[in-house]
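Chain by chain, the residues run as shown.
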Amino acid sequence: MDGTAFRSATELAGLIKAKKISSEELLDLYLARIDKHNARVNAVVATDIPGARRRARAADTALAKGDVWGPLHGVPVTIKDSFDLAGMPATWGVPELRDHRPATNALAVQRYIDAGAIAFGKTNVAAYLVGWATQNEIYGTTSNPWDLDRSPGGSSGGAAAALAAGLTGLELGVDFGGGVRNVAHYCGIFGHKSTYGITNWSGHVMPGIGSKPDLCVAGPLARSADDLKLGLSLITGPMPEDAVGWKLSLPPPRMKDLSELRVAVMLDDPSFPVDHEVQERLQAVVDFLVSRKAKVSERARPAIDPAVAFQIFGGLLMAGLATRQHDEKFWTRLAHLRARFLTMDDGKGPATEKVFTHADWSELDTARNRLRQAWRMFFNDWDVLLCPAAPTVAVPHDPKHAWHERKVMVKGKPTSPADPTFWGAYFTVAHLPATVAPAGLSKSGLPVGVQIVGPEYGDLTCIEVARLLEREFQGFVPPKGWD
């Protein structure tokens, strides 16, 4: 296998700067791979080849003159459909936005470009960015490169599938219930969900949701932890109009070696079970950390009821999306979440849906802040918490049912597709950062990712743990059949 296409973006930038490969040659490599492989996986849904080629040639010309644009100089990247990329589709998988072509770039996208990246295409998403099956009426279904009969996750399934299949150098995702973490776990790559509020959101807004949706963050998707660190550094910080008054300075990692690490472990929860084959791979990570003299506890927990925290998350999510409650198609897409978080049944009459008032939201926000405080106290004693990113390996395609109508099988029992979201939501609601790194393959031969959760603003600690695990335990491995 020619491994160039599967190298990290950091390594690719190094090859370009060392003039071992040109930006245009690397672009041609990815375009050739898309021609060969994309029909099977349906990850890349739009390209701008003439524009990308002009910029790649400009990058090579600049380098020949000693002008380096930035840490991603000349690296071809794709961008998730929902992020604005000037002149390219930004449909969110919604037919009404089929012809939407923004005139400017999302700020996070512009930061990638300003760092020297060549943005040459867009990748598929779940409709409205809801669900762990990347499927919509415009572009169809995206498959998992590890098993084409399974989902790559969602909503950033196209981005994750493109990275795993070696069709791009770097990507961007969005996470509120696990959208970055879930796809990284399903596809065997790296993903980082940032601390709430530190990533740029301009240019990633669907009409009717507001300029900065509650709970949502942007985050990098990549084939290495170094790329996560680089991508995060580019997309974090204040909006330009706020930069006159404040700046972001994330604290450095809490440790330099795994032997210094204090690790809490949560492999399962009574209310939100996890398949044994997922737990087995995470236990292998834990055993490895023990062998490296890390301090490990499988009992340490914050003073929080996980089921209550999940309800707080759900209330905040539903309240935040209330502006779209009259959009029937959108609200139908959320049927599984509505049933989980809005249904009120006192046993005395027909079940009804709760209608949120501002007072309700204020009460939920107060409860959220109590969760944040409990986690702060927990992370005084522990550096990270390791847990699943999702309760199962990649789920099979189910073309007969919309995502909200499906049942997810966990330990042989069907569960609502809302409940697996717990393993993202539990940390999202408290604003915590989390990195997912490869933990190896399950007995069924599918990837499993370990979720590394840290304290608020402890993003670099999470990524550093992922980097040390990548170096000493398990890194990205390309799926077979994509050479």
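### A word on the packing of helix 9 (residues 306–320) against helix 12 (residues 358–378)
Across the interface, helix 9 lies against helix 12 with an axial gap of 10 Å and an inter-helix angle of 140°. Classified by the interaxial angle, the pair formed by helix 9 and helix 12 is oblique. As helix 9 runs across helix 12, the sense of the crossing is left-handed. Two secondary-structure elements touch here, helix 9 through Ala309, Ile312, Gly315, Leu316 and Ala319 and helix 12 through Trp361, Leu364, Asp365, Ala367, Arg368 and Leu371.

### Here's the deal with unusual backbone geometry
A negative phi angle characterises most non-glycine residues, just as the trans form characterises most peptide bonds. For the peptide bond that leads from Gly154 to Ser155, omega is 10°, which places it in the cis range. Its location among the elements puts Ser155 in the loop between strand 5 (140–141) and helix 5 (157–164). Positive phi, close to 60°, is recorded for Lys19, a residue that is not glycine. With respect to the secondary-structure elements, Lys19 resides in the loop between helix 1 (9–17) and helix 2 (23–41).

### Considering the environment of Ser82
Along the polypeptide, Ser82 turns up in the loop between strand 2 (76–80) and helix 4 (107–114). Residue Ser82 is classed as buried on the basis of its relative accessible area of 0%. Among residues more than four places away in sequence, those in contact with Ser82 are Trp92, Val125, Leu129, Gly203 and His204.

### A short note on helix 8 (residues 276–291)
A rise of 1.5 Å per residue sets the reference length of helix 8, with its 16 residues, at 22 Å; its end C-alpha atoms lie 22 Å apart and thus fit the reference within 8%. Buried residues of helix 8: Val278, Gln279, Leu282, Val285, Val286, Phe288 and Leu289, and no others. Summarising the contacts, the buried residues of helix 8 are in contact with strand 9 (262–265), strand 10 (295–297), strand 13 (384–388), strand 16 (434–441), strand 17 (447–453) and helix 14 (459–472). Just downstream of helix 8 lies Lys293, where phi reads positive at about 70°.

Quick notes on the rules
Residues numbered from 1 in each chain as written. Predicted model: local features only at pLDDT ≥ 70, side-chain atom pairs only at ≥ 80, totals over all residues. Heavy atoms only, no water. Axes fitted to C-alpha atoms, helices over the stretch in contact; angles between N-to-C directions. Helix = DSSP H or I, 4+ residues; strand = E, 2+ residues; numbered from the N terminus. Parallel < 35°, antiparallel > 145°, perpendicular 65-115°, else oblique. Left-handed = near helix turned anticlockwise from the far one by under 90°. Contact = heavy atoms within 4.5 Å. Buried < 20%, exposed > 50% of the residue type's maximum accessible area, 1.4 Å probe, protein only. Expected span 1.5 Å × (residues − 1).

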